[in-house]
Each structure stands twice: as C-alpha cells, then as structure tokens.
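Overview (structure and organization)
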Amino acid sequence: MRIDDRPRFRLSLGPTPLEAAPRLGAELGVELWIKRDDLTGLAMGGNKTRKLEYLVGDALERGADTLITAGAAQSNHCRQSAAAAAKAQLTCHLALGGQPPAKSEGNLLIDEILGAHLHWCGPHRKGETIEPIADELRAAGARPYVIPYGGSNPIGALGFVAAMEEFSIQCHNTGVEFDRIIFASSSGGTHAGMIAGADRSRIGATLTGIRIDKDPGAALDLRDEIASIATELMDDAASMPPIDLVESFHGPGYAVVTDLERDALLRLARTEGVLLDPVYTARAFGGMLAMIEDGRIRRGERIAFWHTGGGPALFVDHDSRIGS
Ligand SMILES: *Cc1c(COP(=O)(O)O)cnc(C)c1O
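The structure displayed is predicted, hence computed values, not measured ones.

**Some remarks on the sheet that holds strand β6 (residues 144–146)**
- The strand order β5-β4-β3-β6 describes an open sheet built from four strands, whose pairing is parallel. The open sheet has two edge strands with one neighbour each: β5 (117–120) and β6. Going across the sheet, the axis of each strand differs from the next one's by a mean of 25°, ignoring polarity.
- In the sheet, strand β3 (residues 66–71) pairs with strand β4 (residues 91–96) via six bridges, with the strands oriented parallel. Following the sheet pairing, isoleucine 68 is matched in β4 by histidine 93.

Set out below in structure tokens:
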C-alpha cells in the first residue's frame, strides 16, 4: 500500500513538538528527547489521531456515514475516534468492555461529550462484538465503517509512516541522530507503521516497543501481527528489521498501576513538567528507566521517547494513589 495514494482527513495540528528533556537526561546519563504526540490536538491528543487521519479518509472515500470501533471503557482510541467522527460529521458507535460505571470519568466522559453511542460489551474489549453491532446498523439503513481494535491495520498504520517522515525532518533540524525510539506498544499498529516509515524515511534508530498488555486469546502473536502490517506498507519486505518488542513489564496486567508506573510518572513530571498517563506511557517510560538501570540501554544513548498520549486516564479513580 502506497501512502501517497491514500486519502487523508486532517485531524492533527502537527507537527507535534520534539522536546529536549535535558534535566532528566543528565540524571540518567543519556541524551533524552520526547516526541510529544500527546499534543496532536484532537480532543486531548494521542497516537490514535495519526491512524484516524487515514482511517477516516478511507471511510469518507467509501461513502460511510458511521464509524464503529472498540476498546476498554478508558480507551484513548475510542475517545479519539469519537472526536474524529464528530469532525468528519459521522455517527460514532463504540463497543466498550465492561459494564456502565456509576460515574463517567476520564476518556469515557469525553466519549459522552463528543456524542458517541456506547455499547457495553462485558468481557469483550477488543472488538469481538463489532460485527454484530455493524450488522444491526446496516439493517437499520446505516453505512458503517469498521475500525479494528486500536485502529491497527495497514491503513491506520499509515499514520505512523507519515509520522516518521515528520520525525526525520525534526531530527535533521535539531541535528540529532537518534540511536533509539522507545514507545508503548499494545495493538501493534504504531510499531508497524514506525518500521515501514523508518525504512521509507531512512531512520536508522532501533525501534523499541514496550509491551503494555497481553491478550491470551489472540489468534496471532503480536510480533507476527506487527510484521504482517509492516510488510503491507514496505516496498521491500526483505528490509524488515528484527522486531524489538520488550515483554518484561506487562506482568501486573492491563491498567494496573504499580511502583514502576507511579515512579516514572512522578520522575518525569518533577524534572521536565511533562505528564505521562498511568496505563501506557508511564509503563513504557518506567520500562525505559529500568533498562537504563540494568544496562539493556547503554549510557550515552540518544533516545527519543515517543509520548503516545493517554492523559485523560489520569483523572480516573485508580486503585493505587499516584500523586503522593
Ligand atoms: C493505543 C495506545 C498505545 C499503543 O498503540 P498501538 O498502536 O495500539 O500499539 C500507546 N499509548 C497510548 C496512550 C495509547 O492510547
């Protein structure tokens, strides 16, 4: 699939900043920068904005009038999909895991503000119920466009092919040649798009995904899924690098806040004034800190931490206290 042939519906206010983090970098003995995709600008931002530019472009080209997608109750992807739908004047249906909570907080509150139609799907938070809902909408005369869990398919991943071009220009302008890009990885589309985009934009950095959660029922191994999406987007699949996906940090389970996440969140906030989210980016950042500590990441490395957003989850009642 060639990026130049695909319709793009503008949602991001980007380019998002590439910000130096010199205080924390000096403490850690690395050169640290942060790619601020928490600032994409669409309804509190995040990496899904980039995927949705191509997914909504495709939906509009196909004449859809409705978007349907799925996620957890606190899904950042669902929140940004609801905002993208509003901007494109499409109806939005969200298949959310769990039961309706007594009170709407964080991302869920924003889904409601944006006018999304919510379907509570019990144990199914990864899109198992999308198709039956889409069938019902079709039967009622709507033209739904199905966005998979996390927006992770080749069309969504094109957003990160474009992101890598944006990043390569910023690297050129700042004069930094990065050794590594680190980011939170869950459904894999971000990682896949980065691989294809790095190839296209000649970025040599190692792409290190920190796995945030694990799906025991998944049909495909996440590495295989990333490779399969990236292959669709690359001119020459032979240039596929080894997929660097770190699986040391998701043990406690999805959205469980432990000392790793809490310490990372406080440390970056108190050195650079940058806020991570407790579910994705704090786990990835905490993983990075642990890997610097144990030597898996060398001192002196030039690292771009790709901040994928998620801020609204800070305003949700978590089991463990974060701020003190
Ligand atoms: C979805 C999400 C990710 C993971 O992106 P994938 O493409 O699903 O791997 C990382 N961080 C945040 C904040 C997210 O919402």
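**Overview of the side chain of serine 12**
- With respect to the helices and strands, the residue serine 12 is situated in the segment before β1 (18–20).
- Given a relative accessible area of 12%, serine 12 falls into the buried group.
- Here glycine 14 takes part through its backbone nitrogen, which lies 2.8 Å from a polar atom of the side chain of serine 12.
- The residues touching serine 12, leaving out its near neighbours within four places in the chain, are Thr40, Thr49 and Glu53.

**Side note on the pattern of salt bridges**
- Scanning the model with the defined rule gives 26 salt bridges in all.
- Residues joined in a network through salt bridges with shared partners are Lys35, Asp37, Arg50 and Glu166.

**Considerations on the packing of aromatic side chains**
- Per the stated rule, a full pass over the model turns up six aromatic pairs.
- When the ring of tryptophan 33 is compared with that of phenylalanine 178, the centres are 6.2 Å apart and the planes differ by 85°; the resulting orientation is edge-to-face. Of this pair, tryptophan 33 sits in strand β2 (residues 31–36) while phenylalanine 178 sits in the loop between α6 (154–174) and β7 (180–185); the two residues are 145 residues apart in sequence, bridging distant segments of the chain.
- Classification of phenylalanine 178 as buried rests on a relative accessible area of 8%.

**Side note on helix α9 (residues 259–272)**
- Counted at 1.5 Å a residue, the expected span for α9 with its 14 residues is 20 Å, and the 20 Å between its end C-alpha atoms agrees.
- Lining the buried residues of α9 we find β1, α1 (22–28), β2 and α10 (281–293).
- Backbone geometry just after α9 places glycine 273 at a positive phi near 70°.

About the thresholds
Position numbers for residues start from 1 in each chain and track the written sequence from start to end. The predicted origin of the model limits local features to residues at a pLDDT of at least 70 and limits the giving and counting of side-chain atom pairs to 80 or more, whereas totals for whole chains, interfaces and linings rest on all residues. Processing note: side-chain calculations cover all non-hydrogen atoms of the structure and skip hydrogens and water entirely. Being paired, for any two strands, means DSSP has found at least two bridges between them. A run of DSSP states H or I qualifies as a helix once it reaches four residues; a run of E qualifies as a strand once it reaches two. Both are numbered from the N-terminal end. Here an axis means a line fitted to C-alpha atoms, over the contact stretch when the element is a helix, while the angle between two N-to-C directions is reported on a 0 to 180 degree scale. Only protein chains enter the accessibility calculation, which uses a 1.4 Å probe. A residue is then buried if its area is under 20% of the maximum for its type, exposed if over 50%, and partly exposed in between. Each polar contact in these results corresponds to two N or O atoms within 3.5 Å; when the atoms are within protein, one needs to be able to donate a hydrogen and the other to accept it, and residues that are neighboring in sequence are counted only if both atoms are side-chain atoms. In what follows, a contact means two residues having at least one pair of non-hydrogen atoms within 4.5 Å. When a carboxyl oxygen of Asp or Glu lies within 4 Å of a side-chain nitrogen of Lys or Arg, that pair is called a salt bridge. Geometry of aromatic contacts follows a simple scheme: Phe, Tyr and Trp rings, the Trp one being its six-membered ring, pair when their centres are within 6.5 Å, and the pair is stacked under 30 degrees between planes, edge-to-face over 60, tilted otherwise. In this analysis, the expected span of each helix is defined as 1.5 Å times one less than the number of residues it contains.

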